[in-house]
Amino acid sequence: MPFSKTTLAGFIIAVFLGGFVLGRLSIAPVHAQGLVSPLTAKITQLGSLIEQMQKNIDEVQGNLKALRAVKESLAAGARTEGGLRMLQEVPKLPAPAR
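**Details of the overall build of the chain**
No. 1: From N to C terminus, the chain includes 3 helices and 0 strands.
No. 2: For the chain, the sequential pattern of α-helices and β-strands runs α-α-α.
No. 3: Here the chain, with 98 residues, has 5% of them falling under the buried criterion.
No. 4: On the chain, roughly 8,800 Å² of surface is accessible, and the fraction owed to carbon and sulfur atoms is 68%.

Laid out in structure tokens, this is it:
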């Protein structure tokens, strides 16, 4: 015997609401035990670490650009007369941040 559309819709809504209520009941003890606050602190700490890592990566990329410039200058100096002149024009590497 097939169900009517109204009965089927009512059943689906009842199942959804039942799952919603049971889900809310299972989340309530998490707040009561104070597990959310340490998790938030860990996520914040992770975000700070990722930000520091990005800064370090940016610094390394800057150092790589300077090394490439040195390499190009050395290669150009070896091909031209007065290679020492080219070495004097090499940009200085930035000091590492600490």
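Still more ground to cover, so stick around.
**Focus: the packing of aromatic side chains**
No. 1: Under the definition given, this model contains 1 aromatic pair.
No. 2: When the ring of Phe-16 is compared with that of Phe-20, the centres are 6.5 Å apart and the planes differ by 20 degrees; the resulting orientation is stacked. With a gap of 4 residues between them, Phe-16 and Phe-20 both fall in helix H1 (residues 5–33), about one helical turn apart. Like Phe-16, the residue Phe-20 is exposed in the burial classification.

**Here's the deal with a nonpolar patch on the surface**
No. 1: Taken together, Phe-3, Leu-8, Phe-11, Ile-12 and Val-15 make up a surface patch of nonpolar side chains, about 570 Å² in accessible area.
No. 2: Checked against the element boundaries, Phe-11 lands in helix H1.

**So, the confidence of the model for the chain**
No. 1: Averaged over every residue, the pLDDT of the chain is 78; residues scoring 70 or more account for 68%.
No. 2: Across the chain, element-level confidence peaks in helix H2 (residues 36–79) with a mean pLDDT of 86 and bottoms out in helix H3 (residues 83–88) with 54.

Analysis parameters
- Residues numbered from 1 in each chain as written.
- Predicted model: local features only at pLDDT ≥ 70, side-chain atom pairs only at ≥ 80, totals over all residues.
- Heavy atoms only, no water.
- Helix = DSSP H or I, 4+ residues; strand = E, 2+ residues; numbered from the N terminus.
- Buried < 20%, exposed > 50% of the residue type's maximum accessible area, 1.4 Å probe, protein only.
- Areas by Shrake-Rupley, 256 points an atom, 1.4 Å probe, with all protein chains shown as cover.
- Phe/Tyr/Trp six-rings, centres within 6.5 Å; stacked < 30°, edge-to-face > 60°.
- Patch = residues over 30% accessible without salt bridge, like charges linked within 9 Å, V, L, I, M, F, W, Y side chains within 5 Å.
- Salt bridge = Lys/Arg side-chain N within 4 Å of Asp/Glu carboxyl O.
- pLDDT = per-residue confidence, 0-100.

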